[in-house]
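Here is what each chain is made of, one letter per residue.
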Amino acid sequence: VQLVESGGGLVQPGGSLRLSCVASGFTFSRYIMMWYRQAPGKERELVARIATTGRVTNYADSVKGRFTISRDNAKNTVYLQMNSLKPEDTAVYYCAAGTTWVAYDYWGQGTQVTVSS
């Protein structure tokens, strides 16, 4: 099983980034996909979740209206479009997969997002 994130980097406040996570080794379309983040010295935070069909999504209050999670089951890929980025969005972002809404079975290696001028 592999979850490989990409798309992180350095961006100025107000800018945008699109993260991607490509999955392999399991039946992607049967798993709920999630994006977590963890900043230095802070607890891990669940940022967004998307159901297997993509019809249901859920966001942390801190990113609601700015971030959008989506998935392409044909490409085994989940995305996180991040707009209006703020310095407090700086963190390592991780992709995860689970069969329930509240727990994950698989975890990626993470991609760094830094929002700074």
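Check the entry above for the structure.
Nothing here was measured: the structure is a model prediction, and the numbers come from that model.

Some points on the pairing of strand E7 (residues 67–72)
Here E7 shows a clear split, with Phe67, Ile69 and Arg71 buried on one side and none of Thr68, Ser70 and Asp72 buried on the other. Two strands pair when backbone bridges link them, and E7 and strand E8 (residues 77–82) are joined in this way by six bridges, in the antiparallel orientation. By the bridge assignment for E8, Ser70 is matched with Tyr79. Hairpin connection between E7 and E8: a loop of four residues separates the two successive antiparallel strands, and Asn76 in this loop has a positive phi of roughly 55°.

A short note on the environment of Val56
For Val56, the position within the fold is in the loop between strand E5 (45–50) and strand E6 (57–59). Taking the C-alpha atoms as reference points, Val56 and Thr111, separated by 55 residues in sequence, lie 25 Å from one another. Ignoring any residue separated from it by four or fewer positions in sequence, one finds Val56 in contact with Arg49, Ile50, Ala51 and Trp101.

Rules of the game
Residues numbered from 1 in each chain as written. Predicted model: local features only at pLDDT ≥ 70, side-chain atom pairs only at ≥ 80, totals over all residues. Heavy atoms only, no water. Buried < 20%, exposed > 50% of the residue type's maximum accessible area, 1.4 Å probe, protein only. Helix = DSSP H or I, 4+ residues; strand = E, 2+ residues; numbered from the N terminus. Pairing = 2+ DSSP bridges. Contact = heavy atoms within 4.5 Å.

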